[in-house]
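Remarks on the overall topology
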Amino acid sequence: MRILTASDRALLVEAADLDEAMRLNLAWEGLPGVVERVPGARTVLVRFDPLRVSATELAHTLAATEVDATRPPRTGEVTIPVQYDGEDLDEAASALGVSVEELVNRHLAADWRVAFSGFAPGFGYVVSSDPLFDVPRRSSPRTRVPAGSVALAGPFTGVYPRESPGGWQLIGRTDAVMWDIDRDPPALLAPGTAVRFERVRADARLSRNGDGWAPTRRVARQLADADADGLGFGTASAVEVVRPSLQLLVQDAGRPGFAALGVSASGAADRRAMRDANRAVGNAEVAAVLESVGGAVLRFHGAGVAAVTGAIGALALAGAEGFARPILHGEPFATFDGDELTLGHPDRGLRYVIGVRGGVVVALALGSRASDTLAGLGPEPLAAGAVLPIGEAAPHPVEPGAVPRDLPASGDVVELEITLGPRDDWFTADALEVLTAQEWTVTPRSDRVGIRLQGDAPLERSVDGELPSEGAVTGAIQVPPDGQPVLFLPDHPLTGGYPVIGALTDRSLDLAGQLPPGVRLRFAVQVRSAG
């Protein structure tokens with residue numbers, strides 16, 4: 001096997017084929033120092049804790065693995081009803097050299113099983129033994145694929161759990177709910193599950209369930225269930241959204257460890273700002289905070305303590321009687337009933353983090369309160385009128401004396417440290433030079449999924465064709481066909497089919513979460529730790 005650097009905290013292991021990748025993934029269950037494994041079509045991404053195991057030590061352990069040659073076991077069976085009326089059905093049949101009816105009949109007759117999960121929670125990569133199914137992706141991905149769409153790409157069938165962009169060939173649709181956080185397990189298509197597709201008449205009515213999965217994450221539900229994990233809150237202790245920002249979210253340290261369900265870690269885009277805010281008000285460092293892109297107005301109900309970290313801009317706190325009190329960035333300040341906190345448009349950085357003593361208390365989703373904007377997990381983006389309870393207790397005293405940070409403004413030049421790989425060998429020598437030699441501008445088409453970059457010279461590939469879907473880390477620099485990179489942030493898909501030329505080191509991730517549009521980036525390569 002070949003072991004490649006995926007980041008300073010992840011290795012990508014190449015397998016001979018899909019079956020070997022699945023067997024290797026199972027063999028590495030419980031391996032010391034391994035945080036998470038993300039199997040792909042011919043790879044396994046292995047994320048590790050460098051405080052427990054080095055990349056070199058882990059690479060030796062992985063390389064020495066002996067795997068069982070038998071096929072991985074199956075874990076149950078599901079039947080998915082399908083109306084075969086997809087927009088790409090004719091095109092897919094033509095690409096495979098068969099009639100539409102033969103494609104459908106062989107899709108129904110094939111023995112399918114879920115190989116791995118990725119892209120979004122509940123999205124299973126379903127593979128069969130029928131050699132017919134090897135379908136190229138669309139040359140131009142759709143910006144909107146409806147929930148419940150049944151699609152083909154490469155050797156896989158997939159069902160989109162919710163509306164999202166996608167480049168797979170659409171052959172039909174189903175009303176089966178792919179992901180339901182209240183179901184055990186939440187994913188209908190878990191790795192190892194046997195799948196049978198069942199044809200539904202074209203005139204049959206499919207009962208659609210909202211966006212294709214159970215709608216269990218509304219704010220009212222979160223408030224009703226907020227102390228289900230044992231954290232109480234007082235009715236007079238809350239924070240209300242008076243005016244939201246471009247994006248106002250609840251965030252915490254995220255939900256690592258659920259890759260097998262197709263769930264990424266998500267969590268705060270600027271982890272340092274989260275820790276600083278929580279430390280200032282006496283919370284545990286991973287308590288839930290508010291993350292605001294741009295200015296906002298918040299009203300406090302009841303007395304408490306708060307702090308604002310992350311982006312730097314004008315801050316004002318006005319009492320119910322109209323008197324304003326000065327507050328300092330990064331320092332804890334007292335709040336009284338009716339106080340309103342106004343966050344101005346950031347002068348430097350992009351995301352404010354607001355910590356409140358006791359933490360923001362909303363319902364847990366897979367053990368975290370974080371809002372994953374791609375997956376739709378956790379609290380929805382907050383709108384005006386949302387009222388969020390605050391916990392009653394914090395384990396530590398308040399801690400004044402925050403360490404100042406130098407965050408960039410639009411037009412500034414920022415250097416980020418990266419490791420090359422795992423697919424740097426898919427690019428020309430000139431592309432590798434361009435990656436680090438030229439400046440890349442952060443475009444407005446950026447969000448928590450990824451930062452779209454623009455450079456004068458695109459990155460040219462030396463290897464044509466499609467890359468079988470494989471895992472990608474937060475901070476990965478993925479390069480689509482136009483050669484303009486996308487820098488993955490916390491809400492990125494777990495797997496992807498575009499080659500990753502490099503990835504940010506862990507210490508560069510927090511700064512990446514604070515890059516406003518117009519910032520110019522330079523990448524500096526760290527020496528490889530494994531190969």
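Everything here concerns the structure above.
Residues numbered from 1 in each chain as written. Predicted model: local features only at pLDDT ≥ 70, side-chain atom pairs only at ≥ 80, totals over all residues. Heavy atoms only, no water.

**What to know about the pairing of strand β10 (residues 156-159)**
In β10, alternate side chains face the same way, and those of Phe 156 and Gly 158 on one face and Thr 157 and Val 159 on the other are all buried. Examined bridge by bridge, strand β7 (residues 124-128) and β10 share two bridges and lie antiparallel to one another. Paired with Val 127 across the strands is Phe 156, a residue of β10. Sheet analysis places strand β9 (residues 149-153) next to β10, joined by four bridges and oriented antiparallel. Looking across to β10, one finds that Leu 152 is bridged to Thr 157. Hairpin connection, β9 to β10: the antiparallel pair is bridged by two residues, and Gly 154 has positive phi, about 60°. (Buried < 20%, exposed > 50% of the residue type's maximum accessible area, 1.4 Å probe, protein only. Helix = DSSP H or I, 4+ residues; strand = E, 2+ residues; numbered from the N terminus. Pairing = 2+ DSSP bridges.)

**Notes on unusual backbone geometry**
The step from Asp 184 to Pro 185 runs through a cis peptide bond, and the omega angle for that step is 0°. Locating Pro 185 in the fold gives a position in the loop between β12 (169-173) and β13 (194-199). The omega torsion across Gly 421 and Pro 422 is 10°, close enough to zero to call that bond cis. Along the polypeptide, Pro 422 turns up in the loop between β25 (413-420) and α7 (429-437). The residue Phe 119 is not glycine, and still its phi comes out positive at about 70°. Tracing the backbone shows Phe 119 in the loop between β6 (112-117) and β7. Phi angles above zero are rare outside glycine, and Leu 366 is one such case at about 55°. Along the polypeptide, Leu 366 turns up in the loop between β23 (348-356) and β24 (387-391).

**Side note on the packing of aromatic side chains**
Overall, the coordinates contain eleven aromatic pairs when judged by the stated rule. These aromatic residues form a ring-pair network of at least three members: Phe 116, Phe 119, Phe 123, Tyr 125, Phe 156, Tyr 160 and Trp 168. (Phe/Tyr/Trp six-rings, centres within 6.5 Å; stacked < 30°, edge-to-face > 60°.)

**Some points on the pattern of salt bridges**
When charged atoms on two side chains of opposite charge get close, those side chains can pair. For the structure shown, the criterion picks out 33 salt bridges. Salt-bridge contacts for Glu 163 lead to Arg 144; the nearest nitrogen and oxygen are separated by 3.0 Å. Here Arg 144 lies in strand β8 (residues 142-145) and Glu 163 lies in the loop between β10 and β11 (164-166), a separation of 19 residues in the sequence. Since its relative accessible area comes to 42%, Glu 163 is described here as partly exposed. Arg 144 gets classed as partly exposed once you look at its relative accessible area, which sits at 47%. Between Glu 439 and Arg 522 there is a salt bridge, and its shortest N-O distance comes to 3.7 Å. One end of the pair, Glu 439, is in the loop between α7 and β26 (440-442); the other, Arg 522, is in strand β33 (residues 520-525), and 83 residues separate them in sequence. When its relative accessible area of 26% is taken as the criterion, Glu 439 is described as partly exposed. Arg 522 sits in the partly exposed class, given a relative accessible area of 30%. The structure contains a network of salt bridges with shared partners spanning Arg 2, Glu 14, Arg 423, Asp 425 and Glu 470. (Salt bridge = Lys/Arg side-chain N within 4 Å of Asp/Glu carboxyl O.)

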